[in-house]
Amino acid sequence: MRSGPLISLCVSSSLTPSARCETVARMRFVLSATLLLELRQRRTAQRAQKRAADEVEDVHDAFLLDSGMGTMLYLASDGRVLASGSTWGDEPLREAIDDEAIAALVVGAEETGIVALLQLVPGPPREGSACPRCCGERWEADRMGICLLCRGRGWVVPSMLDAARSIGLWPPEVAPPRARRRG
Ligand SMILES: [Zn+2]
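This structure is a prediction, so every number in the text was calculated from the model and none was measured.

Draft legend 1. Structural context of the overall build of the chain. The helix and strand inventory of the chain stands at 6 helices and 6 strands. In the chain, the succession of α and β elements from N to C terminus is α-α-α-α-β-β-β-β-α-β-β-α. Burial analysis of the chain (183 residues in total) assigns 23% to the buried set.

Draft legend 2. Fine view of unusual backbone geometry. In this chain, Trp-170 is followed by Pro-171 through a cis amide linkage whose omega measures -5°. Position of Pro-171 among the secondary structure elements: in the segment after helix H6 (158-166). Backbone geometry at Cys-135 places phi at a positive 55°, although glycine is not the residue there. Mapped onto the elements, Cys-135 comes out in the loop between strand E5 (129-130) and strand E6 (155-156). Positive phi, close to 60°, is recorded for Arg-151, a residue that is not glycine. Tracing the sequence through the fold places Arg-151 in the loop between E5 and E6.

Draft legend 3. Main features of the sheet that holds strand E3 (residues 81-84). Strand order in the open sheet formed by 4 strands is E1-E2-E3-E4, and the pairing between neighbours is antiparallel. Every other strand in the sheet has two partners, leaving strand E1 (62-66) and strand E4 (94-95) as the edge strands with one partner each. Taken together, the 4 bridges between strand E2 (residues 72-76) and E3 define a ladder with antiparallel strand orientation. Opposite Leu-73, over in E3, you have Ala-83 as the bridge partner.

Reading the values: rules and limits
Residues numbered from 1 in each chain as written. Predicted model: local features only at pLDDT ≥ 70, side-chain atom pairs only at ≥ 80, totals over all residues. Helix = DSSP H or I, 4+ residues; strand = E, 2+ residues; numbered from the N terminus. Buried ≥ 20, exposed ≤ 12 C-beta atoms within 10 Å, placed from the backbone. Pairing = 2+ DSSP bridges.

Purely geometric numbers; function is a separate question.
Here it is as structure tokens:
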């Protein structure tokens with residue numbers, strides 16, 4: 001059993017029972033040689049232009065994909081997605097949860113123009129269907145953020161729809177029909 005990658009999670013959440021740490025499994029992606037080359041070239045070019053060296057990128061051979069919303073998300077060359085709250089200070093580096101990992105790929109593809117990142121997003125399971133909110137586009141209609149329902153997957157499973165219903169995210173509110181038929 002490999003326990004190494006989980007250590008940081010356990011350390012960063014020392015108040016949770018250790019048994020819970022054992023059950024945490026994070027998404028890992030397999031980066032093709034071509035994708036790695038593209039990411040490395042972009043990282044080098046960015047640093048040559050303006051960006052200063054980034055400790056997470058250096059230590060983990062990682063690539064900053066999403067620097068928005070206070071949490072910086074990196075794709076590491078070994079396939080992990082790392083989350084750092086360094087813009088707000090004190091959150092230790094950890095592995096991203098699934099929603100964050102997918103968001104990193106989708107936002108990263110948009111920001112870098114490296115579309116191969118999108119190919120790493122897992123496809124739908126058998127019970128999945130196209131996301132009814134973004135119609136598989138992965139983004140909100142205004143393109144200001146990724147889809148709130150599928151979180152960038154482009155697909156949903158029934159449990160995701162149920163969760164969205166429970167918080168009023170889905171279905172969208174529609175104007176009632178002019179003449180309502182009452183039976
Ligand atoms: Zn969606």
